[in-house]
Each structure stands twice: as C-alpha cells, then as structure tokens.
Amino acid sequence: TIPDRLVAPLLLTDSAANADAIVVLGGGVVGNCVPNLNSLRRVILGARLFRSGRAPLLLLSGGTGDGNCPVADSMANVALELGVPSTRIVVERSSRSTWENGVMSGQLLRERNLHRVLLVTDRLHMRRAVSVFDGQCFEVESVSVPIYEGHPSNVSMLAAGVREAVALAYYVLRGRTEVEGG
C-alpha cells in the first residue's frame, strides 16, 4: 500500500545480536505513574529480551514532561513485575527527547564501561534513535516494537511516519544525528 511504501525508508531490520545493555526509550505516562501503551509495549519487549539473555542490564530512559512521575520509573515498575531483578535495572529519569535519551543514557552506560547497546523503541522511531546513539559512539543493535501494534490503520501509520520523517530531518539539520549515507 502507499503508506507502507512511504514509511519504508524509516524502517530498520531487527538484530539478533547480544549486547552489554538493553536500552528502552520511554514513550510517556498516564494517570498515576502508569506507562502509556507505547512505553508498556517497549518495556515488555525489553524485559523479554533481558529474560532471553540478550544483555545483562536493562536501562530504562525517560523523564517527565508533565509533572507526573518519570517515564523510566513507570517502566521500571513493570520490568520488576515481569521478573527483571532490581539489581539489573538502571533508570535514567531526566531526558525529555530522543536526543536527551541518547546523551543522558550514554553517560550512565559509559560510567559502567558499556559500549554495545540493544536499543528498544517503536519501529518508526528506530532510525532516529539508532542515529542518536551512534552519534554518542555506541555500537547499536536494535529490536523494534512491531509497527502494527502502535498503528492499527494505514492512516495512523502514515501520520506517524510523516511526523517521524520531519523529526529525523530536524535532528539531522541540528547536527544531532546523521543518517546512513548522510
């Protein structure tokens, strides 16, 4: 379909590689420190990857944009419920954008001498997120939440794809990332 073809340049292939840490980017909270659906899908995938042995550490990244609790805290609560030990969870609570996710998570990863990350976010968001973490000098592997889980219709997928293409172009123009071949 047309929406599929238009968003195809944003999509990356998921990796089967292992890493030093799984980094899950937050999507938001609702109510009293409850992860929204994007955050919930991401942390479930991150916990599955952790439990399958893909990395020994789960770093959850995301601050607060509306005065509520940090997204990372809401995701940490879910990760604990899914069986990830608290000693294997690191929480980055200050970031409010993909760029800040990379910079602030990068500091926590470097403090632990970790260089290879398995990045988890939505499929449409992955190209920009990988580019940000690449720019922070990490070796990045990626596993995406499937596109259909967050976008049940072609119109929804197309709108999200246009938004992400604009955001990626903005990041490139601001020097926050580089795209392949760019």
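Provided above is the structure to which this section pertains.
A. Geometry of the overall build of the protein chain. A tally of regular secondary structure across the protein chain gives seven helices and seven strands. Going from the N terminus to the C terminus, the protein chain shows its helices and strands as α-β-β-β-α-β-α-β-α-β-α-β-α-α. Within the protein chain, buried positions represent 49% of all 182 residues. Across the protein chain, the fraction of contacts at a sequence separation of at least 24, relative to all contacts at a separation of at least 6, is 71%. Carbon and sulfur atoms make up 53% of the accessible area of the protein chain, which totals about 8,900 Å².

B. Spotlight on the pattern of salt bridges. Within this structure, the stated rule accounts for six salt bridges. A salt bridge links Asp 14 to Arg 123; the shortest N-O distance between them is 3.5 Å. On the criterion of sequence distance, the pair formed by Asp 14 in the loop between helix H1 (2–7) and strand S1 (21–25) and Arg 123 in the loop between strand S6 (116–122) and helix H5 (126–135) is long-range, its members being 109 residues apart. In this structure, Glu 111 engages Arg 112 in a salt bridge whose closest nitrogen and oxygen atoms are separated by 3.8 Å. On the accessibility criterion, Arg 112 (38% relative accessible area) is partly exposed. Taken together, the shared-partner salt bridges in this structure form one network comprising Arg 116, Glu 139 and Glu 141.

C. Quick peek at the environment of Pro 146. In this structure, Pro 146 sits in the loop between strand S7 (139–145) and helix H6 (147–150). Residue Pro 146 is classed as partly exposed on the basis of its relative accessible area of 27%. Residues Pro 146 and Arg 42 lie 104 residues apart in sequence; the distance between their C-alpha atoms is 9.9 Å.

Cut-offs used in this document
Just so you know, the residues in each chain are numbered from 1, in the order the chain's sequence is written. Local features in this predicted model are restricted to residues whose pLDDT is 70 or higher, and side-chain atom pairs enter the listing and the counts only when it is 80 or higher, whereas totals over whole chains, interfaces and linings include all residues. Note that the side-chain values use all heavy atoms of the structure and ignore hydrogens as well as water. Strands here mean DSSP runs of E at least two residues long; helices mean DSSP runs of H or I at least four residues long; both are numbered from the N terminus. Throughout, exposure labels follow a simple rule: accessible area from a 1.4 Å probe, protein chains only, divided by the maximum for the residue type, with under 20% read as buried, over 50% as exposed, and the rest as partly exposed. A contact between two residues is defined here by any heavy atoms of the two lying within 4.5 Å. With residues, only the protein chains shown are counted as cover, and all accessible areas are computed by Shrake-Rupley using a 1.4 Å probe. Think of a salt bridge as a Lys or Arg side-chain nitrogen and an Asp or Glu carboxyl oxygen that are within 4 Å of each other.

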